[in-house]
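# Commentary on secondary and tertiary structure
Read off the chains here:
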Amino acid sequence: MQNKGYPEEFINRVRDASNLVDIAKGYLPLKQKGQDFWACCPFHSEKTPSFAISAPKQFYYCYGCHTSGNVFSLVMKMENLSWREAVEFLAKKANIELPQTTNNSDWLRQRQKKEKIYQALLLARDYYCRTLQRPANRPAVEYLHQRGIDDELIKLFHIGYSDSWQGVVDDLKSHGISEQLMQEAGIVAKNEHGRVWDAQFERITFAIHDVYGNCIGFTGRTMKKDDKLAKYKNTAETIVFNKSNIVYGVDVMKEKTRGQSMAGLIVVEGNVDEIAMVKHGFPNTVACMGTALTKFHAGVMARFSRVVYLCLDGDDAGQHATLKSIDVLQDAGLTVKVVVLPAGQDPDEFLQTHGADAMQKMLASSIGGMEFKLDYLRRHSDLTNRVGKAEYLNQAVGLLATMASSAERELYLPDVANAVGVAVEAIRNTLNSQLDKAVRPANKKDATIYSGNHIHDNHNKPKSTIPKKILDAEMAITKAVLYDREYARALPKAELPSLHNPIYQKIVTEDLKLKDIYDILDEKELATIEPLLGERTGQAAQAEVREWEDCVNLLKIEKLKQTLSDCKGDIVATNKLMKQIKALENLKHQQKVED
């Protein structure tokens, strides 16, 4: 069960105030057909809409990838939030105040502190934006124009300027923001005399927003040619600003691509690269702020697309960062494609030199993660002698051994063979030998069979002793309860045996409905009942009722037979049970005759 931490009354109030169709419209272009709304699924790539939202039931289901849920789970997936965060997100959207409970008082105080910091940062952002437009700060605007950042982009990305040690301090004080809060937000720094001053003084400010649109800090760019000054300066770490958790430009990307199906998400390194990509018609771009790509980054990116194009700088540092990023993204279940820019060029420079069409061709000719790894290894190996070739070969074979698909490994064998001048068959044998060592059991009694990513115990193979007709009947009954079928409401649950699937049993005994399960079951439990989700269509009502009756009778008979096996020696009880079984079997036979 979800760890709510909130009264049931509050959760129900939030759910009732959050119409699934209205919330989904903020993410997807919906088309109404009767009482249902349809769109292309945001969770897998498709051209024909298979993502359906039932307005009466407040439930969605994709007939393509079989994902499903209610308004909370949709927000969780679309905003990359936990269940609790999704509830809070929707509560805020509906202007419903969060209740304070005994187990969330500390958290609530922290939340309120964050809200005050967001407010201070938003005021600072707007102050910097106004300051940039002052006549005296024209050189900063001209610098941006020279970098290809026009007035529209300045406004879109909330770019500003700090021209005073004290200006932002005075402005925020006029809005009731204390110096202490400014410091906690990272807006100001304090000297040894206790005086605060603008941390971004004499810098162009690039506002940074989180995935929800909150301003969380700034990157400041100096225009001074002073080697002692850092070219870029980020806001100091705060409770809302952590450089390793920032995806720059995600707010612009969300706005520019809202309601669209993205072919992939492009990832660049810096602020200016991000802005340049958007300018040249690539709104599906975000930046990782020049830091090593983290699991957090990958999680945010996975929310928007399952395909990521790594378009990092073409220098050695950028290529090394690409190499490290591939595994992080693949571990998050993402498909990685690498755009290899000319040596020494970043996306901004490439676009200025070659234009948008050339960048589109670079994206179209991007290579897979393994191909990039092997090419990187080849370029950084000494293949002029046998020792270097041997080292390259060992590392290349090690990389190929990490691939689950033998067919996919075969695609790369010729490249490795050509690099060292060795026959493909010899490398294949070396690879197979390495794979055999990795999977060969130490004890034959523990022998295993390896198949792709799945390991099957050779001596403990799962053997289902449950007849398929019983499993099918249990599934049909559970589904009828879940979808609140009229004929299932009077189900005599006491007459049924315990269902073999414990989650099915939970649904039936607790009489759970579709709208409830996403608040009650956890992710693993939901995965177990995935075959139940998605309604059948085209079946006549009478036939559906008859199927239901057959399934109930079958399980009743099953329970009676189980009881019968425990009554050996009790003739009276045995005869009674046999009559009950016979009566149910006759009823089933009679129904077949009538059909």
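Residues numbered from 1 in each chain as written. Predicted model: local features only at pLDDT ≥ 70, side-chain atom pairs only at ≥ 80, totals over all residues. Heavy atoms only, no water.

Here the focus is the environment of valine 545. Within the secondary structure, valine 545 sits in helix α24 (residues 541–565). Residue valine 545 is classed as partly exposed on the basis of its relative accessible area of 23%. Residues valine 545 and arginine 485, 60 residues apart in the sequence, show an inter-C-alpha distance of 9.4 Å. (Helix = DSSP H or I, 4+ residues; strand = E, 2+ residues; numbered from the N terminus. Buried < 20%, exposed > 50% of the residue type's maximum accessible area, 1.4 Å probe, protein only.)

For the rest of this paragraph, the subject is the side chain of asparagine 284. Within the secondary structure, asparagine 284 sits in the loop between α11 (271–279) and β13 (285–287). Asparagine 284 gets classed as buried once you look at its relative accessible area, which sits at 16%. Setting aside chain neighbours within four positions, we find asparagine 284 in contact with Met253, Thr257, Met262, Gly264, Leu265 and Ile266. (Contact = heavy atoms within 4.5 Å.)

The next subject is the packing of aromatic side chains. For the coordinates displayed, the defined rule picks out 12 aromatic pairs. Ring geometry for tryptophan 38 and tyrosine 63: centres 6.0 Å apart, planes at 20°, overall stacked. With tryptophan 38 in strand β2 (residues 36–39) and tyrosine 63 in the loop between β4 (59–62) and β5 (68–69), this pair connects stretches of sequence that are 25 residues apart. Between the aromatic rings of tryptophan 165 and tryptophan 197, the centroid separation amounts to 5.2 Å while the plane-to-plane angle is 65°, which identifies the pairing as edge-to-face. (Phe/Tyr/Trp six-rings, centres within 6.5 Å; stacked < 30°, edge-to-face > 60°.)

Before going further, it helps to examine the sheet that holds β2. Ordered in space as β1-β2-β3-β4-β5, the five strands form an open sheet in which the pairing is antiparallel. Lying at the two open borders of the sheet, with one neighbouring strand each, are β1 (31–33) and β5. Pairing geometry for β2 and strand β3 (residues 51–54), over four bridges, is antiparallel. Within β3, the residue paired with alanine 39 across the bridge is phenylalanine 51. (Pairing = 2+ DSSP bridges.)

Enumeration over the complete set of coordinates arrives at 15 salt bridges. Two residues, lysine 373 and aspartate 327, come together in a salt bridge whose shortest N-O distance is 2.5 Å. Taken together, the residues span a long stretch of sequence, with lysine 373 in helix α16 (residues 369–379) and aspartate 327 in helix α13 (residues 316–331) at a distance of 46 residues. Given a relative accessible area of 10%, lysine 373 falls into the buried group. Under the relative-accessibility criterion, aspartate 327 is labelled partly exposed at 35%. Put simply, glutamate 410 and arginine 428 hold a salt bridge, and the shortest N to O gap is 2.8 Å. Highlighted residues: glutamate 410 in helix α18 (residues 406–420) and arginine 428 in helix α19 (residues 424–439), separated in sequence by 18 residues. Several salt bridges share partner residues, and in doing so they unite Asp375, Arg378 and Arg379 into one network. (Salt bridge = Lys/Arg side-chain N within 4 Å of Asp/Glu carboxyl O.)

Moving on to helix α17 (residues 386–401). Compared with an ideal rise of 1.5 Å per residue, which puts 16 residues at 22 Å, α17 spans 22 Å between its outermost C-alpha atoms and is within 8% of the ideal. The N-terminus of α17 is capped by asparagine 385, whose side-chain oxygen sits 3.2 Å from the backbone nitrogen of valine 387. (Expected span 1.5 Å × (residues − 1). Polar contact = N/O pair within 3.5 Å; in protein donor to acceptor, adjacent residues only side chain to side chain.)

Time to look at the sheet that holds strand β15 (residues 335–338). Think of a sheet as strands paired side by side through backbone hydrogen bonds, with each pair either parallel or antiparallel. Spatial ordering of the open sheet is given by β13-β12-β14-β15-β16, a layout of five strands whose pairing is mixed. One side of each edge strand has no neighbouring strand; the edge strands of this open sheet are β13 and β16 (367–368). Where strand β12 (residues 265–268) and β13 come together, three bridges link them in parallel fashion. What sits directly across from valine 268, in β13, is alanine 287.

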